[in-house]
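# What the coordinates show
Listed here are the chains, written in short residue letters.
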Amino acid sequence: MKIFIKFDFTRICTKVIDEKLMELGIKYRMLNFGEIEFLEEVPADKLEAFDAILKEYGVEKIENQKVILVQKIKDTIIDMVLNANDNINVKSSVYLSEKLGHSYGYLSNVFSEVTYTSVENFIILQRIEHAKSLMINTDLSLTEIAYRLQYSSVAHLSTQFKNTTGITPTTFQRIITKRRELNTNKT
Amino acid sequence: MREDYTYVVLADDDEDDRLFFTEAFEELKMKTKVDIYKDGVDLMNALNQSDSVLPNILFLDLNMPMKSGLECLKEIKDNQRFKDIAIAIYSTSASEEDIEDTFVNGANIYIKKPNNFNNLKKILSDVVTMNWQYHTSGLNKDNFLLRL
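Given the structure is predicted, the values throughout are model-derived calculations rather than measurements. (Residues numbered from 1 in each chain as written. Chains lettered and ligands numbered in written order. Predicted model: local features only at pLDDT ≥ 70, side-chain atom pairs only at ≥ 80, totals over all residues.)

Moving on: the overall build of chain A. Counting secondary structure elements, chain A contains nine helices and two strands. Each helix and strand of chain A, placed in order from N terminus to C terminus, yields the pattern α-β-β-α-α-α-α-α-α-α-α. Taken along the three principal axes of its C-alpha coordinates, chain A extends 90 × 45 × 30 Å. In chain A, buried positions account for 17% of the 187 residues. Across chain A, every contact between residues at least 6 apart in sequence was considered, and the portion connecting residues at least 24 apart equals 45%. (Helix = DSSP H or I, 4+ residues; strand = E, 2+ residues; numbered from the N terminus. Buried ≥ 20, exposed ≤ 12 C-beta atoms within 10 Å, placed from the backbone. Contact = placed C-beta atoms within 7 Å.)

Structure representation (structure tokens):
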């Protein structure tokens, strides 16, 4: 005996996802088909269980793992630069691979692939940006700033500043001061 | 989210410089869209259209007839609508006075026009990369000063 059936794919998929999410006790909302919004923070183990269950049905979560990892690397670096004092003498490569649980080689490859720049350059840029904001927003001297950001000397900071921005820290400060005066006079 | 390419505009009255500039971008492996204006008046007319698409980076030659790069820069900085445009001065001059003056007036980048094509490519690539960093990593654009 043969019978013929007709599938409604959307309905089948929706129903599977619906049931599985209910089983896991995850509150969610189905947006357009293929997009699900979780209504509350979902713990990582539940998310993994969800991924595993869906795989059986040939459903896979779409995400660009690399982009997510790059964001994590950036966040970790920014955190590291802002709290430089707490991480005395920790090499950034060691710090990153410990925090993120991947080898530094892997992290730096993914980073370069996605951002067109290297982890080292990104760290330098972040440190220089942090130095800039300290120069502008605090009364700290360049020596103190260099010390805070864990540069071995003011000369080291100045050189890296010049290499990154093309101008010296002193010129930078003068330009920003003049710019502020100009803008105050305008208003 | 913005589109994943960088929209670049150049205003320069020198035909050769305009040509080098577009060719350099064509050879770079970055996603960019480039528009060119031949002087400051044309540029400002285009920008001032209320429905104009604003560039991510605007390259301004300093010495242009009718309206100079510095005049364009001042007009742009006085208009809130243009506040997100990164301004790159693109000039044959490397006088410290020009450099500091344009930075003070709000330019983000100062480029001395290089005399060979490979240098130009390198510089433009650096500019786009740095600008991208400021965009995607939440850096303070007021502190964006770069001299190449």
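Moving on, we come to the sheet that holds strand 2 (residues 32-37) of chain B. Residue and element names in this part refer to chain B. Pairing is parallel in the open sheet, where six strands are placed in the order 2-1-3-4-5-6. Every other strand in the sheet has two partners, leaving strand 2 and strand 6 (146-147) as the edge strands with one partner each. By the bridge criterion, six bridges tie strand 1 (residues 6-11) to strand 2 in an arrangement that is parallel. Across the sheet, A11 pairs through a bridge with Y37, a residue of strand 2. Lying on the sheet, helix 1 (residues 15-27) is in contact with strand 1 and strand 2; it crosses strand 2 at an angle near 175°. Contacts from helix 4 (residues 96-104) reach strand 4 (86-91), strand 5 (109-112) and strand 6 within the one sheet, and its direction differs from that of strand 5 by about 155°. (Pairing = 2+ DSSP bridges. Axes fitted to C-alpha atoms, helices over the stretch in contact; angles between N-to-C directions.)

This part takes up the domain arrangement of chain A. Taken domain by domain, chain A comprises domain 1 (9-56) and domain 2 (66-186). Each of domain 1 of chain A and domain 2 of chain A was reduced to a C-alpha centroid, and the two centroids are 40 Å apart. (Domains from an automatic or database assignment.)

Let us now look at the nonpolar core. General note: in soluble globular proteins, nonpolar side chains tend to be found buried as a group. Counting 59 residues, the largest nonpolar core has F59, L60, I87, A88, I89 and I109 of chain B as the members making the most contacts within it. With six residues, the single largest contributor to this core is helix 6 (residues 119-137) of chain A. Apart from the residues within four sequence positions on either side, L60 of chain B is in contact with A11, G69, C72, L73, I87, I89 and Y90 of chain B. (Core = buried A, V, L, I, M, F, W, Y, C linked by C-beta atoms within 7 Å.)

Right, let's talk about the UniProt feature "domain: Response regulatory" (unreviewed entry) in chain B for a bit. Using the residue numbers shown here, the UniProt feature "domain: Response regulatory" (unreviewed entry) corresponds to residues 7-128 of chain B. Along residues 7-128 of chain B one finds 43% helix and 20% strand; the C-alpha atoms at either end are 10 Å apart. (UniProt positions renumbered as here; feature names shortened; annotations may be inferred.)

For helix 3 (residues 65-82) of chain A, which comprises 18 residues, the first-to-last C-alpha distance of 26 Å matches the rise-based estimate of 26 Å (1.5 Å per residue) to within 8%. Summarising the contacts, the buried residues of helix 3 of chain A are in contact with helix 4 (92-100), helix 5 (104-115) and helix 6 of chain A. (Expected span 1.5 Å × (residues − 1).)

The UniProt record marks residues 96-175 of chain A with the feature "domain: HTH araC/xylS-type" (unreviewed entry), using the residue numbering of this structure. The straight-line gap between the two end C-alpha atoms of residues 96-175 of chain A is 35 Å; of that span, 78% is helix and 0% is strand.

Next up on the list: the packing of helix 6 of chain A against helix 9 (residues 169-186) of chain A. Residues and elements named next belong to chain A. In contact at an axis separation of 11 Å, helix 6 and helix 9 are set at 50° when each is read in the N-to-C sense. On the basis of the axis angle, helix 6 is oblique to helix 9. Handedness of the helix 6/helix 9 crossing: right-handed. Of helix 9, the residues touching helix 6 (which contributes K132, M135 and I136) are P169, F172, Q173 and I176. Of the residues belonging to the contact of helix 6 with helix 9, the class tally is five nonpolar, one polar and one charged. (Parallel < 35°, antiparallel > 145°, perpendicular 65-115°, else oblique. Left-handed = near helix turned anticlockwise from the far one by under 90°. Nonpolar A, V, L, I, M, F, W, Y, C, P; charged D, E, K, R; others polar.)

Residue and element names in this part refer to chain B. Residues annotated in UniProt with the feature "modified residue: 4-aspartylphosphate" (unreviewed entry) correspond here to D61. What makes D61 buried here is the crowd of 26 C-beta atoms within 10 Å. Leave out the neighbours within four places in its chain, and D61 touches A11, D12, D13, G69, Y90 and S91.

As a further point, take helix 6 of chain A. Counted at 1.5 Å a residue, the expected span for helix 6 of chain A with its 19 residues is 27 Å, and the 27 Å between its end C-alpha atoms agrees. For helix 6 of chain A, every residue scored as buried is listed here: V119, F122, L125, Q126, R127, I128, E129, A131, K132 and M135 of chain A. Where the residues of helix 6 of chain A are buried, they touch helix 3, helix 5, helix 7 (142-148), helix 8 (154-165) and helix 9 of chain A together with helix 5 (117-136) of chain B.

Looking now at the interface of chain A and chain B. Chain A puts 16 residues into the contact, and the matching count from chain B is 14 residues. Going through the elements one at a time, helix 6 and helix 9 of chain A are the ones with two or more residues in the side of chain A that touches chain B. Looking at the side of chain A that touches chain B residue by residue, the classes come out as seven nonpolar, four polar and five charged.

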